[in-house]
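# A look at the structure
Single-letter residue listing:
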Amino acid sequence: MRALHAKLSAPIFMSDVPRIRIAGVHKSFGPLEVLRGVSFDVQHGSVVSVIGASGSGKSTLLRCINYLDPPNSGEIYIEGEPLGSRIDARGGRKPRSLAEINAMRRELGVVFQQFNLWPHMTVLGNVIEAPIRVRKIPRKEAIAYGEECLRRVRLIDKAREYPARLSGGQQQRAAIARALAMRPKAMMFDEATSSLDPELTDEVLSVMRELAVDGTTMIVVTHEMSFAREVSDRVIFLHAGMIEEEGPPAQIFEAPQSDRLRQFLSKYRK
Amino acid sequence: MSNALKQSFDLSAFWEYRSILWQGLIFNALVFLCAACVALSVGLGAALFRINRFLPARVVGTLHVELFRNAPDYIMLVWVHFVLPILIGLVIRRRVEFHPFVSAVIALGFVYSGYFAEAFRAGMQAIPQGNLDAGRAFGMSERLILWRITLPQVVRRMLPEALNLFISLFKATTIVSLIAVPDLMYNVSMVIQQEMRPLPLYTGAALTYFLIIFALSSTARAFSERWRQKIQA
């Protein structure tokens, strides 16, 4: 009994420091305020889905989280460590250099809507590039782990092909393998199935589902409501750059509180 | 057939002097190779300046491109060989003289760097932003992105244009005889002064250039197409 208790309390202890903490993120492009103070935590091994209408700031949020678009204010913490700044000896905050931000952001794997595979490299070349050049992992080791990642996304037979010869679904699975190969602390999916034909979305979603079951920490921006409902531990509804409503999927999808969320969901029920 | 016409196709005089003409051709090849290296590296630098975020860098890059693209190579050659040494001499207060080979490489290298800069720039701007975002997201530095993601794609994209530029550059090496670089044309002129038979010698030179450029460029084109096709759907 005691052993079981210890086992159960371990994750509770770990959840003291969230894997990722998004704290008061603001982002504007000129006069356009896209994010207006977004805060939430992503616990170790949990899946957080971000839903919302187009233009609600979902993709910008992901780009702010890994500093592709640095937030105007607010901070991102990866396991308690601020991404964009560091605490110096006197306790003051100093913005990090680009090199330091690079070192931090490699902890976050990103899967883009448009896959963004590098067309001049084979699938395996795409997968091992960053582990070898950025993580400085020996080539042999990187290939072995890269092939394991490709097996996970069921693409090992395409390892030597160039991206142009793959279908959209295969390209996106290759992009997932590329992100996994960096052994990130969390994976971020930016509408990973939005540019795919409907018959190709399932193969990508099933890979994502398996990652979630395996305990991968994930932030998933998506329009696939049934996927969000089935896989997420927590769902965030973004509206006009702010969190309008958040909660467990059962609550968000069964008993939405706000009118805007009800309205948003009704479009998907049709 | 008129006598003169017959004479122009009788290439025996050209063949007779083949060893000295061959030496000249080697000079053409050397000037070409060195100038191509200068043009590629200076051109890449200028292109990086042209797409830089900082305005002063962009201005410098644009000035470079416009200056060298719009200067005739013939005049640049004369200017570099005869004027530039005087200017440098005035600054360092010592007599300076350039070896004709050096002048030829600098002049042609810089003129063609203007064209190569534009080819590089167009290639770089054609790379989808997402490709670079992916590199950044995985923690790659800007330098790593340039060498591993941008340039390998730029090289493939700009190959057809680069091949044309290389052909022009090789043809342009024929004007270096003007400042007494002993290239094929220079040696041909020397032989003509002795033999007084310009028709077969000039015709021979023209045919030689044509054959070399045609053979090299068609081979290069065939290879480059095969290479490019691999990454295109």
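First things first, this report covers the structure right here in the doc.

Cut-offs used in this document
Residues numbered from 1 in each chain as written. Chains lettered and ligands numbered in written order. Predicted model: local features only at pLDDT ≥ 70, side-chain atom pairs only at ≥ 80, totals over all residues. Helix = DSSP H or I, 4+ residues; strand = E, 2+ residues; numbered from the N terminus. Buried ≥ 20, exposed ≤ 12 C-beta atoms within 10 Å, placed from the backbone. Pairing = 2+ DSSP bridges. Contact = placed C-beta atoms within 7 Å. Axes fitted to C-alpha atoms, helices over the stretch in contact; angles between N-to-C directions.

What chain B contains, in helices and strands, is 10 helices and 0 strands. If you list the helices and strands of chain B from N to C, you get α-α-α-α-α-α-α-α-α-α. The principal-axis extents of the C-alpha atoms in chain B amount to approximately 70 × 55 × 25 Å. Among the 233 residues that make up chain B, the fraction classed as buried is 37%.

All right, on to the sheet that holds strand 2 (residues 32-42) of chain A then. All names here are of chain A. With antiparallel pairing, the 4 strands of this open sheet are ordered in space as 2-1-4-5. Single-partner strands in this sheet number two, and they are strand 2 and strand 5 (81-82). Strand direction decides the pairing type here: strand 4 (residues 73-78) and strand 5, joined by 2 bridges, are antiparallel. Of the residues in strand 5, the one forming a bridge with Tyr-77 is Pro-82. On the sheet, helix 2 (residues 58-65) packs against strand 1 (20-29), strand 2 and strand 4 and is oriented at approximately 65° with respect to strand 2.

What follows is about the pairing of strand 2 of chain A. Residue and element names in this part refer to chain A. Where strand 1 lies against strand 2, 8 bridges are found, and the strand directions are antiparallel. Following the sheet pairing, Ser-28 is matched in strand 2 by Glu-33. From the end of strand 1 to the start of strand 2, which pair antiparallel, there are 2 residues, and Gly-30 there has a positive phi angle of about 60°.

Right, let's get into the interface of chain A and chain B. Contact residues are listed per partner, giving 21 residues for chain A and 20 residues for chain B. Sorting the residues of the side of chain A that touches chain B by element identifies helix 3 (98-105) and helix 4 (123-133) of chain A as the ones contributing at least two each. Looking at the side of chain A that touches chain B element by element, the count peaks at 4 residues for helix 3 of chain A.

Our next topic: the sheet that holds strand 9 (residues 186-190) of chain A. Residues and elements named next belong to chain A. Judged by pairing direction, the sheet is mixed, and its 6 strands sit side by side in the order 8-9-10-3-11-12 without closing on themselves. Either end of the sheet is taken by a strand with one partner, and the two such strands are strand 8 (108-111) and strand 12 (242-247). Adjacent strand axes in the sheet meet at a mean angle of 20° when their direction is disregarded. Inspection of the sheet shows strand 3 (residues 47-51) paired to strand 11 (residues 234-239) by 4 bridges, in the parallel sense. In the sheet register, Ser-49 faces strand 11, and the bridge partner there is Val-235. Where helix 6 (residues 168-180) meets the sheet, it contacts strand 8 and strand 9, and its direction lies at approximately 170° from that of strand 8.

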